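Spelled out from the first residue to the last, the chains are:
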Amino acid sequence: MAIATINPATGEIIKTFEPLTNTEIEEKLEQAQKAFRTYRRVSIPERAVWMKAAAEILEQKKEKFGKLITLEMGKTLKSALAEIEKCALVCRYYADNAADFLADTPVQTDASHSLIRYQPLGVILAVMPWNFPFWQVFRFAAPALMAGNVGLLKHASNVPQCALAIEEIFLQAGFPKGVFQTLLIGSEKVADIVADARVKAATLTGSEHAGMSLASVAGKQIKKTVLELGGSDPFIVMPSADLEAAVATATIARTINNGQSCIAAKRFIVANAIADEFEQRFVEKFKALQIGDPMDDKTDIGPLATPDILKELDSQVQNCIQKGARVLIGGKPLSDRKGNFYPPTILTDLSIDSPAFTEEFFGPVALLFRVADIDEAIALANNSPFGLGASAWTNDEAERDRFIDEIEAGAVFINGMVKSDPRLPFGGIKRSGYGRELSIQGIHEFVNIKTVWVK
Ligand code: NAP
């Protein structure tokens, strides 16, 4: 895949980039290793000053960065601006909390004193996706850098300008040269970098295929990995739920980020008793969504990030239709305009052998299922290779407790939309990956948890 900025709303090639040569990659690895030797000795309060400066730069240049995001991957400008604000939040969160999260933890044993100490691992490679081009990187970098690690970013090939801007933010904030570097490289270079002895661990957010490929190389080298992969989150609505709030949230939860979010609600599982009403209101809400120029404030849904994503999404939809699915709205690409536009779509009557049961739909396509009761709802929710998040809507306490206990996912949200929050751990189970980002768990992923025992 070429490294280039291609406007998804028009198909126009804006800027192309030459990938780094092997010599340049080698220089950056050396630089990272060298930076780690001194950066690991920098105190946490000093790192925090730089991290807070990064937050300020993000806020000061919010418009510029937001427009860059929209230009490169097509999300609406208003959501891109919100993404930048969230990045500033995560920088401040770890600047304020890292000292507590990484403080020695005394433990009473048979020693005179024993404790747990948290120490950085070294150079960490982050392979990141385009769908939240700033947020995905900052939620890795803020904890990793506060813990004293140094970062190498291999960003998705369609967001090179975002990748370079992020490197510049950390430099301008005061982090020493080499502490955070962007590598403009294709994915074929990743395996060698993971295998390089100077790289101590890796994290990847992206597709299952990319995750498997990186983790198998890391596995051979006995290196720690964190994988944040795809999801097909259920959104369950029971008869006792506030239907109006559920439908309004369902609409946002499916179409947020033009439908390209790992934790977007993808499978809507509704109790028979309220299914007709839910379906009718859901279709009305989808009809009202404005598709168009992502820079325009009135737009709800912009283009998909690349023509390939559009092609893949449409082939999944057509496959479902061929296997008997009914189209309630949408169902084919918009051919009246340039760019990668796909209309908000709702499919129902989905056959068990269709991709609805096994694949992630990365675009504004909702899959609607009806169930008799909570047993069927939980069974259907869990009948997925993925286990990232789940949202369940009920005002019945017993049902709420069953959803919390029995849904196989990294997160369960009751009467709310699944979202990431710096204060709460984020990650999945099953084929959605392993390890956690954010919160105290996130900063502990890339540290040596050292046992100290003294007599
Ligand atoms: P992708 O194709 O896997 O790309 C993600 C990153 O991996 C890119 O930097 C890509 O580089 C790189 N990559 C691709 N193939 C690779 C390989 N064989 N070895 C090493 N690196 C490789 O994913 P995507 O389709 O762009 O992103 C969407 C996916 O990410 C969805 O499945 C979504 O659910 C998931 N996601 C998960 C989370 C989470 O937190 N769980 C968050 C956001 C997105 P190139 O661009 O150069 O190919």
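For the structure, see preceding data.
## Let's talk about the sheet that holds strand β12 (residues 326–329)
Here is step 1: Read across the open sheet, the seven strands follow the order β12-β13-β14-β11-β10-β16-β17; overall the sheet is mixed. Two strands bound the open sheet, and with one partner strand each, they are β12 and β17 (411–414). When strand polarity is set aside, the average angle formed by the axes of neighbouring strands in this sheet is 25°.
Here is step 2: Relative to β17, strand β16 (residues 389–393) is paired through four bridges, and the arrangement is parallel. Bridging from a neighbouring strand, A392 pairs with I414 of β17.
Here is step 3: The sheet strands contacting helix α9 (residues 243–255) are β10 (233–237), β11 (265–271), β14 (365–371) and β16, and the helix crosses β10 at an angle near 165°.

## Details of the site of the ligand
Here is step 1: Residues in contact with the ligand amount to 26 residues; listed here are only the nearest, W130, S157, S207, L229 and E360.
Here is step 2: Interatomic distance of 2.8 Å between a backbone N/O atom of M128 and an oxygen atom of the ligand.
Here is step 3: Out of a free accessible area of 910 Å², the ligand has 88% covered by protein chains.
Here is step 4: Only α5 (135–146) and α8 (208–220) provide two or more residues apiece to the shell around the ligand.
Here is step 5: The residue inventory of the shell around the ligand, partitioned by class, reads 12 nonpolar, 10 polar and four charged.

## Quick notes on the packing of aromatic side chains
Here is step 1: One pass over the structure, following the stated rule, counts 18 aromatic pairs.
Here is step 2: Aromatic side chains Y93 and F101 sit 5.9 Å apart centroid to centroid with 55° between the ring planes, which places their arrangement in the tilted category.
Here is step 3: By relative accessible area, Y93 is classed as buried at 14%.
Here is step 4: Classification of F101 by relative accessible area gives buried; the value is 13%.
Here is step 5: The rings of Y39, W50, F65, F134, F138, F170, F175 and F180 are connected pair by pair, giving a single aromatic cluster.
Here is step 6: Cation over ring: R47 sits above Y39, and NZ or CZ is 5.3 Å from the ring centre.
Here is step 7: Lying over the aromatic face of W135, K86 brings its terminal NZ or CZ to 4.6 Å of the ring centre.

## Describing helix α1 (residues 22–39)
Here is step 1: Over its 18 residues, α1 extends 25 Å from the first C-alpha to the last, a length consistent with the 26 Å expected when each residue adds 1.5 Å.
Here is step 2: Three or more residues of α1 are buried, namely I25, L29, A32, A35, F36 and Y39. Angular distribution of buried residues about the axis of α1 spans 130°; they occupy a single face of the element. Those residues of α1 that are exposed and angled more than 90 degrees off the buried face are T23, E27, K34 and T38.

Scoring rules and cut-offs
Residues numbered from 1 in each chain as written. Predicted model: local features only at pLDDT ≥ 70, side-chain atom pairs only at ≥ 80, totals over all residues. Heavy atoms only, no water. Pairing = 2+ DSSP bridges. Helix = DSSP H or I, 4+ residues; strand = E, 2+ residues; numbered from the N terminus. Axes fitted to C-alpha atoms, helices over the stretch in contact; angles between N-to-C directions. Contact = heavy atoms within 4.5 Å. Near = heavy atom within 4 Å. Polar contact = N/O pair within 3.5 Å; in protein donor to acceptor, adjacent residues only side chain to side chain. Areas by Shrake-Rupley, 256 points an atom, 1.4 Å probe, with all protein chains shown as cover. Nonpolar A, V, L, I, M, F, W, Y, C, P; charged D, E, K, R; others polar. Phe/Tyr/Trp six-rings, centres within 6.5 Å; stacked < 30°, edge-to-face > 60°. Buried < 20%, exposed > 50% of the residue type's maximum accessible area, 1.4 Å probe, protein only. Lys NZ or Arg CZ within 6 Å of the ring centre and 35° of its normal. Expected span 1.5 Å × (residues − 1). Arc of directions from axis to C-beta.

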